[in-house]
Amino acid sequence: MNNSKYRGVVVPMVTPVTQDGRLDVEAVVRIIDFFADSSVSPLLMGTTGEGNSVSQADGQLFVETAVKAASGRILIYAGLTGNCFSEQVRQAEVYTALGADVIVATLPTYYALTDEQMFEYYNTLADCITGPLMLYNILATTHMSIPVDVIRRLADHPNIVGLKDSERDLERMAQCIEIARERDDFAYFCGWAAQSAHSLELGGNGIVPSTGNFVPEMFGQLFDAALRGDWDTANRLQDETNEIAKIYQKDRTLGQSLTALKVMMQTKGLCDPWMLMPLTRLSAEEEQAIKDKLKLV
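In this report, the structure presented in the accompanying data block is examined.

**Examining helix 3 (residues 85-98)**
Taking 1.5 Å per residue, 14 residues should reach 20 Å; helix 3 reaches 20 Å between its end C-alpha atoms and fits that length. For helix 3, the complete set of buried residues consists of Gln88, Val89, Gln91, Ala92 and Tyr95. Down the axis of helix 3, the buried set is contained in an arc of 165°. They therefore lie on one face. Projecting away from the buried face of helix 3 at angles above 90 degrees are the exposed residues Ser86 and Ala97. Buried positions along helix 3 lie against helix 2 (56-70), strand 3 (77-80), strand 4 (102-106) and helix 4 (115-128).

Structure (C-alpha cells):
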C-alpha cells in the first residue's frame, strides 16, 4: 500500500428515496451517521446508488446533505455519470463546491469508445474540474473496460488521484495495483467485494463493498486486520461478508439485488426499499423471505 491519502473502506451507498421518488433526506443522514460510526466513507450515486437515475437537483441535495451529516468525520466521494460532457463538468463543480472531497467518474456509455477516446475523456475532465478525480471502471454496466495502459497514462495527470475498479479479473487487478504501488499520488480501490482481502494483500489502498451498506463495521474490521497483516482475520471476515452478500445477490439481477439490499437496511431502520425508475421493489413475499434469511445469520 502506498502513502496516498485516499484509502480505507468506501461504501457505494444506496440512494434512499420515498415512494414518490424523492430523495429521503432523513434517511441520508441516518446512513451517513451509521457509516461514520464505523469510520467508512460513502460513494454517493455509484452503481449501487442508482447514479444514472438520480436527477441533477436530487444529486446536489444528496451531496449537500451527506457533507453536512458527515461534518468532516469521513470523506465524501461523489459519483459522476452521464453522456453530456458539459453537464458532467458543471455537476462535478457543484458537488465540489458543496463539499465533496473526490469526484468518481464512470465512462460515458452510449457509444463504444476507443482507447484513445477513453484517455481523452478522462484527461479532459480532469483538466476541467477543480476537485480531485478518480477513475471508475465497471465493465458490467458500461460494457467497456478501461485498458491498463490507459490507466497508467492517466495516473500521470496531477488531478487524477486513483482508480475504483469493479472488473472481475485477477490479473488486471494485480496490474492496476502495481501502478498504484509505484507512486504515492494514485490509489487503487477494489470494487470487487469478494476479493477485498486479496486486493489489500496485494497492496491496494482501499475497498468499495456494496455489502458495507449493511455491515460497514465488518469491512472496517477487515481493512484494519489487513493493515496489521492479520490475514487470518481478514480472510475470515471476507468469508463472512461473502455469505451476507449472497442474501441479496444470489439469483437476482443487479437491479433486483439493489432493492434487496435496501430491504436488509430497512431491518436496521436505515431506509425503505423504494427504488428509482426503471427499477422497482420486490414483491412482499420476496421481501419477507430476505428478512427471514437475515434471522439465520
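**Observations concerning the layout of surface pockets**
As a volume, the largest pocket reaches approximately 630 Å³. When residues of the lining of the largest pocket are traced back to their parent elements, those giving at least two are helix 5 (139-142), helix 10 (231-249) and helix 11 (254-266). Considered class by class, the residues forming the lining of the largest pocket number 14 nonpolar, 12 polar and six charged. Mapped by element, the contributors of at least two residues to the lining of the second largest pocket are strand 3, strand 4, helix 5 and helix 11. Considering every element that reaches the lining of the second largest pocket, the biggest residue donor is helix 11, with three residues. Among the residues making up the lining of the second largest pocket, the classes are represented as 11 nonpolar, 14 polar and one charged.

**Looking at the side chain of Thr15**
For Thr15, the location among the structural elements is in the loop between strand 1 (8-12) and helix 1 (25-37). Polar side-chain contacts of Thr15 include one of 2.5 Å to the backbone oxygen of Gly49. In contact with Thr15, not counting residues within four places along its chain, are Leu23, Gly49, Glu50, Val54, Phe62 and Lys262.

**Side note on the pairing of strand 1**
A large share of strand 1 lies buried, amounting to five of its five residues. As paired elements, strand 1 and strand 8 (residues 206-207) share two bridges and run parallel to each other. Bridging from a neighbouring strand, Gly8 pairs with Gly206 of strand 8. Regarding topology, helix 1 serves as the crossover connection from strand 1 to the parallel strand 2 (residues 41-44), and that connection is right-handed.

Criteria and thresholds
- Residue indices begin from 1 for each chain and proceed along its sequence in written order.
- Totals for whole chains, interfaces and linings use every residue, but because this is a predicted model, local features are given only for residues with pLDDT of at least 70 and side-chain atom pairs only at 80 or more, for both listing and counting.
- Each side-chain value is derived from all of the structure's non-hydrogen atoms; neither hydrogens nor water enter the calculation.
- Here a strand is any run of E in DSSP of at least two residues, a helix any run of H or I of at least four, and the numbering for each starts at the N terminus.
- For a helix, the expected span equals 1.5 Å multiplied by the number of residues minus one.
- Burial classification: accessible surface area is computed with a 1.4 Å probe over protein chains only, and a residue below 20% of its type maximum counts as buried, one above 50% as exposed, and the rest as partly exposed.
- Within this analysis, the arc is defined by the directions that extend from the helix axis to the C-beta atoms.
- By definition, residues are in contact when any of their heavy atoms lie within 4.5 Å.
- Points on a 1 Å grid over protein atoms alone make up a cavity when a 1.4 Å probe fits among them but cannot get out, and a pocket when they form an open set with protein on both sides within 12 Å along at least five of seven lines; lining residues each have an atom within 4 Å of a point.
- Grid points are joined across faces, edges and corners, and a volume is the space filled by probe spheres set on the points.
- The classification used treats Ala, Val, Leu, Ile, Met, Phe, Trp, Tyr, Cys and Pro as nonpolar, Asp, Glu, Lys and Arg as charged, and all other residues, Gly among them, as polar.
- The definition of a polar contact used here is a pair of N or O atoms within 3.5 Å, where within protein one atom must be able to donate a hydrogen and the other to accept one, and adjacent residues in sequence count solely through side-chain atom pairs.
- Only strands joined by at least two bridges in the DSSP assignment are considered to pair.
- Looking down the strands as they point away from the viewer, one classifies a crossover as right-handed if the path from the first strand across the helix to the second runs clockwise.

Any functional reading would require information beyond the geometric quantities listed.
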